[in-house]
Amino acid sequence: MGPGVECDPYEQDCPDGEKCNAWSDDGGGAWNALGCFPVDPAPGQPGDPCTVEGGGTSGIDSCDIGSMCWDVEEDSDNGTCVAMCEGSAVEPTCSVPETSCVISNGGILNLCLPNCDLLLQDCPNEGEACYVVGENAVCAPDASDDGGGAGDECAFINACDPGLTCIVPDAYGPGCNPVATACCSPWCDLDAPAPCPELGQTCLPFFEEDPPPGLENLGVCGVEA
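So, here's what we can say about the structure. (Residues numbered from 1 in each chain as written. Predicted model: local features only at pLDDT ≥ 70, side-chain atom pairs only at ≥ 80, totals over all residues. Heavy atoms only, no water.)

**Considering the nonpolar core**
Let me state the cut-off plainly: By nonpolar core we mean a set of buried residues, namely Ala, Val, Leu, Ile, Met, Phe, Trp, Tyr and Cys, connected to one another through side-chain atoms within 4.5 Å. Relative accessibility under 20% of the residue-type maximum defines a buried residue, over 50% an exposed one, and the middle range a partly exposed one, all with a 1.4 Å probe and only protein chains included. Runs of E in the DSSP output that reach at least two residues are strands. Runs of H or I that reach at least four are helices, and both are numbered from the N terminus. By definition, residues are in contact when any of their heavy atoms lie within 4.5 Å.
Membership of the largest hydrophobic core comes to 18 residues, with the highest contact counts inside it found for W31, M68, W70, L109 and L111. Those elements that provide at least two residues to this core are β1 (18-23), β2 (33-38), β4 (67-70) and β9 (109-114). Examining the composition of this core, we find that three residues originate from one element, β9, more than from any other. Those residues in contact with W70 that lie beyond four places of it in its chain are W31, C50, G79, T80, V82, L109, L111, L113 and P141. Judged by nonpolar contacts, the second largest core, of eleven residues, contains C123, C139, L215 and L218.

**Re the pattern of salt bridges**
Stated formally: Here, a salt bridge means any side-chain nitrogen of Lys or Arg that lies within 4 Å of a carboxyl oxygen of Asp or Glu.
In total, this model carries one salt bridge according to the counting rule given. Between D61 and K19 there is a salt bridge, and its shortest N-O distance comes to 2.6 Å. Of the two residues, D61 is situated in the loop between β3 (49-51) and β4 and K19 in strand β1; the sequence distance between them amounts to 42 residues. For K19, a relative accessible area of 0% puts it in the buried group.

**Structural notes on the state of the cysteines**
Filter applied, for reference: The disulfide criterion is simple: two cysteine sulfur atoms within 2.5 Å.
If you walk through the whole model with that rule in mind, you get 13 disulfides. Covalently, C154 is tied to C166 through a disulfide, its sulfur atoms 2.0 Å apart. In this structure, the disulfide formed by C154 and C166 twists by about 110° around the S-S bond and is classed as right-handed. In this pair, C154 sits in the loop between β11 (136-141) and β12 (164-167) while C166 sits in strand β12, placing the two residues twelve residues apart along the sequence.

**Structural notes on the layout of surface pockets**
Spelled out, the test is: A pocket, in this scheme, is an open set of points on a 1 Å grid over the protein atoms alone with protein on both sides within 12 Å along at least 5 of 7 lines, while a cavity is a set where a 1.4 Å probe fits but cannot get out; residues line either one if an atom lies within 4 Å of a point. Grid points are joined across faces, edges and corners, and a volume is the space filled by probe spheres set on the points. Think of it as three bins: nonpolar holds Ala, Val, Leu, Ile, Met, Phe, Trp, Tyr, Cys and Pro, charged holds Asp, Glu, Lys and Arg, and polar takes everything else, Gly as well.
For the largest pocket, the calculated volume is near 920 Å³. Along the walls of the largest pocket sit 31 residues, with W31, W70, D71, P141 and N158 positioned nearest its centre. Where the lining of the largest pocket is concerned, the elements lending two or more residues are β8 (99-104), β9, β10 (128-133) and β11. Within the lining of the largest pocket, the residues separate by chemical class into 14 nonpolar, ten polar and seven charged. Its boundaries defined by the atoms lining it, the second largest pocket holds a volume of some 300 Å³. Taken together, 18 residues line the second largest pocket, and the ones lying closest to its centre are T80, C81, V82, N125 and E128. For the lining of the second largest pocket, the secondary-structure elements that each account for two or more residues are β5 (78-83) and β9. Among the elements that take part in the lining of the second largest pocket, β5 stands out by supplying six residues, more than any other. For the lining of the second largest pocket, the residue count by class is nine nonpolar, six polar and three charged.

**Thoughts on the packing of aromatic side chains**
Here is the rule: Under the pairing criterion, centres of Phe, Tyr and Trp rings, with the six-membered ring standing for Trp, must be within 6.5 Å; the plane angle then separates stacked pairs below 30 degrees from edge-to-face pairs above 60, leaving the rest tilted.
Within this structure, the stated rule accounts for four aromatic pairs. When the centroid spacing of 5.6 Å and the interplanar angle of 75° are considered together, the rings of W23 and F37 count as edge-to-face. Residue W23 is found in strand β1, and its partner F37 is found in strand β2; the two are separated by 14 residues along the sequence. Exposure remark for W23: the relative accessible area of 25% places this residue in the partly exposed category. Considering the side-chain rings of F206 and F207, the 5.0 Å spacing of their centres and the 90° angle between planes classify their relative orientation as edge-to-face. Under the relative-accessibility criterion, F207 is labelled buried at 17%.

Here it is as structure tokens:
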């Protein structure tokens, strides 16, 4: 195992009474390590409300083995238990219906997140939006705060308002600061007659080739190169 990884989240190979969970080994806000933590005496199952101790990246939560507390509110330390991916790092799977395995943070986070429709933005939980992560459209926390509107600068896929995504400024067109890392722009349907509201933008294919099943018509509003 590599630095900061003392257990396998797929094998759940911690000692009895403990579980393998993602955490931050430097006290920061990003999960960057995997470690063994005590299992709550009355652990929650995927979909149940949960709590954390010491913040959302502490690794200590009230969820059962094979799940972790997700989308934690900073002011209350409350969140929702979500299942971790099963199988292996090579062939991850999800047994929870209508979810997809999302692997992020260098393989530290491996979660089964709800599938969703990018154009309908049909995530059921307040504070979440539908984003593309890898080849899946899944519900994730909306981290746009006061920004995230069309043309606003962004640095992460979930730094844009629901219905928008983060693309490079050259592809955005009018309204984006040319020195920005990237800007928020609306999703669009390649088959719609007038899918983009911004003057000068057209609906460009999000996947240049071999789009995943169900995302063949997915586009993002931008300008032709």
